[in-house]
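# Structure assessment
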Amino acid sequence: MNGKRAALLSVAGVIAIGGAGLATAGLGGGGEAPLAHSSLPPATAPIERTTLVETQTVGGTLGYGTTSTATSGGGGGVLTWLPGPGAVITRGRAAYRVDNEPVPLLYGSLPLYRTLSAGTEGPDVKQFERNLRALGYTGFTVDDTYSSATAAAVRRWQDDLGVDETGRVVPGSVLIAPRAIRVAERKANVGDRAGGPVFTHTGTTRVVSVDLDVTYQKLAKKGAEVSIELTEDETTKGKITKIGKVAKEGQGEEDPTTIEVTIAVRRQRALGTYDKAPVNVNLTANRKPDVLAVPIGALVAQPGGGYGVQVVSGGSVRTVRVETGLFTEGQVEISGSGLAEGQRVGVPA
């Protein structure tokens with residue numbers, strides 16, 4: 001194999017391979033005599049220079065991330081339309097309707113906690129004006145001041161929405177969220193009075209959430225790449241984007257203390273229609289770059305303990321004692337006198 005590559009496995013797999021797995025492979029214990037080499041091995045494999053990666057496999061859930069609740073304003077009225085679960089709502093689109101008037105979604109972090117009108121100043125004004133500009137309305141300056149020009153643009157917006165053209169924006173007339181939302185579950189029904197929870201919502205992009213045992217917290221680093229096992233035969237890549245700061249205390253070994261880790265998935269198409277599905281996540285526990293490695297089956301037990309490999313050259317075989325390092329799925333790091341990349345070593349057929 002040319003170049004470098006990364007081989008992955010779980011820590012549990014490493015333990016099995018490093019202990020009983022070697023005996024199972026016919027390598028014997030530390031005190032057994034070396035295997036007889038009266039003839040050439042049945043097969044050979046190259047010594048490779050590569051990168052070996054040891055991983056810890058943890059369970060996660062594929063979904064749409066943290067859930068928030070949308071609450072209608074307390075100004076009265078009746079809910080006359082609600083989106084269904086799974087509906088995606090973007091900026092400017094109606095999140096729901098009260099008395100048959102739309103309550104549009106705007107993006108931001110500040111809720112609309114007061115009436116915005118000519119003369120109002122503050123960061124909530126700037127947040128609103130940014131939304132108004134993003135929706136295509138002009139003629140005002142995006143700043144902290146709600147000017148008469150802003151009020152004029154608002155009247156044009158209200159006319160397009162089909163609501164009263166007051167030039168003011170009152171609490172309850174819009175829904176604020178950080179970005180586009182996906183409806184998760186209805187919390188109210190058409191015909192209910194406005195003034196309470198309407199629905200829960202998430203982001204629109206699927207992520208993997210992991211309740212990570214704090215034992216493995218050091219393995220989770222923001223920005224680190226991970227491998228995600230969707231099924232036995234399907235994997236994809238992800239990147240850690242968020243690590244919780246507050247641990248959730250557990251009740252013992254079966255319920256450990258955890259922190260929440262969020263993983264972004266690069267290729268959303270690779271996820272197919274998966275939603276709320278259990279997945280496995282491989283966190284990097286150890287990485288060994290630029291090492292010599294051979295198949296685990298190439299190891300031969302040596303008298304007095306330790307292992308060697310059978311180096312095959314032409315029609316001759318010599319056994320070289322080796323020091324083993326990192327075990328991965330099917331491979332082991334080795335070092336020893338006279339070993340080099342490209343040499344052939346004996347392996348079981």
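Let me begin by describing the structure that accompanies this report. (Residues numbered from 1 in each chain as written. Predicted model: local features only at pLDDT ≥ 70, side-chain atom pairs only at ≥ 80, totals over all residues. Heavy atoms only, no water.)

Bringing the overall build of the chain into the picture now. Counting its secondary structure elements, the chain contains 3 helices and 21 strands. Here the analysis covers contacts within the chain between residues at least 6 apart in sequence; of these, 66% occur between residues at least 24 apart. Here the chain has roughly 18,100 Å² of accessible surface; of this, 48% comes from carbon and sulfur atoms. (Helix = DSSP H or I, 4+ residues; strand = E, 2+ residues; numbered from the N terminus. Contact = heavy atoms within 4.5 Å. Areas by Shrake-Rupley, 256 points an atom, 1.4 Å probe, with all protein chains shown as cover.)

This part covers the pairing of strand E8 (residues 101-107). Within E8, 6 of the 7 residues are buried, which leaves it mostly tucked inside the rest of the structure. Pairing geometry for strand E7 (residues 94-98) and E8, over 4 bridges, is antiparallel. Looking across to E8, one finds that Tyr 96 is bridged to Val 103. Hairpin connection of E7 to E8: 2 residues between the antiparallel strands, including Asp 99 at a positive phi of 50°. Judged from the 3 bridges that link them, E8 and strand E9 (residues 175-177) form a sheet pairing that is parallel. Counted as the bridge partner of Leu 105 is Leu 175 from E9. (Buried < 20%, exposed > 50% of the residue type's maximum accessible area, 1.4 Å probe, protein only. Pairing = 2+ DSSP bridges.)

Pairing is antiparallel across the open sheet formed by 4 strands, whose spatial order is E4-E11-E10-E6. The strands lining the two open edges of the sheet, one partner per strand, are strand E4 (68-71) and strand E6 (88-89). Pairing between E4 and strand E11 (residues 197-202): 4 bridges, direction antiparallel. Counted as the bridge partner of Ser 68 is His 201 from E11.

For the rest of this paragraph, the subject is a negative patch on the surface. A grouping of Asp 99, Glu 101, Asp 159, Asp 160, Asp 164 and Glu 165 is seen on the molecular surface, where their side chains present a negatively charged patch. The topology assignment puts Glu 165 in the loop between helix H3 (148-161) and E9. On the basis of relative accessibility, which here comes to 47%, the residue Glu 165 falls in the partly exposed class. (Patch = residues over 30% accessible without salt bridge, like charges linked within 9 Å, V, L, I, M, F, W, Y side chains within 5 Å. Salt bridge = Lys/Arg side-chain N within 4 Å of Asp/Glu carboxyl O. Lys, Arg positive; Asp, Glu negative; His and termini not counted. Charge placed at Lys NZ, Arg CZ, Asp CG, Glu CD.)

A few words now on the sheet that holds strand E5 (residues 79-81). Taken together, 4 strands build an open sheet; the order of strands is E5-E7-E8-E9 and the sheet is mixed. Only two strands of the sheet have a single partner each, and these edge strands are E5 and E9. Direction aside, the axes of adjacent strands within the sheet are offset by 35° on average. (Axes fitted to C-alpha atoms, helices over the stretch in contact; angles between N-to-C directions.)

Here we come to the environment of Ile 243. Structurally, Ile 243 can be placed in strand E14 (residues 235-243). Sequence separation between Ile 243 and Ala 220 is 23 residues, and the spatial gap between their C-alpha atoms is 7.7 Å. Excluding its chain neighbours within four sequence positions, the residues that come into contact with Ile 243 are Ala 220, Lys 221, Lys 222, Ile 259, Glu 260 and Val 261.

As a further point, take the side chain of Glu 333. With respect to the helices and strands, the residue Glu 333 is situated in strand E20 (residues 331-335). With relative accessibility at 15%, the residue Glu 333 sits in the buried group. Apart from the residues lying within four places of it in its own chain, the contact partners of Glu 333 are Leu 52, Lys 288, Val 291, Leu 292, Ala 293, Glu 323, Thr 324, Gly 325 and Leu 326.

Our focus in this paragraph is H3. Taking 1.5 Å as the rise per residue, H3 with 14 residues should run 20 Å; its terminal C-alpha atoms sit 20 Å apart, in good agreement. Listing the buried residues of H3 in full gives Thr 150, Ala 151, Ala 153, Val 154, Trp 157 and Gln 158. End-on view of H3: buried residues confined to an arc of 160°, all on one side of the axis. Along H3, exposed side chains directed more than 90 degrees from the buried face belong to Ser 148 and Asp 160. Packed against the buried residues of H3 are E8 and helix H2 (123-134). Immediately downstream of H3, the backbone of Gly 162 shows phi near 85°, a positive value. (Expected span 1.5 Å × (residues − 1). Arc of directions from axis to C-beta.)

What follows is about the pattern of salt bridges. Evaluation of the coordinates by the stated rule reveals 6 salt bridges. Residues Asp 124 and Arg 114 are paired through a salt bridge, measuring 2.7 Å at the closest nitrogen-oxygen approach. On the criterion of sequence distance, the pair formed by Asp 124 in helix H2 and Arg 114 in the loop between E8 and H2 is long-range, its members being 10 residues apart. We classify Arg 114 as partly exposed; its relative accessible area is 27%. Of the charged contacts, one joins Glu 185 and Lys 187 as a salt bridge, the two residues approaching to 3.7 Å between their closest N and O atoms. Overall, Glu 185 belongs to the partly exposed group, its relative accessible area being 43%. A relative accessible area of 44% means that Lys 187 is categorised as partly exposed.

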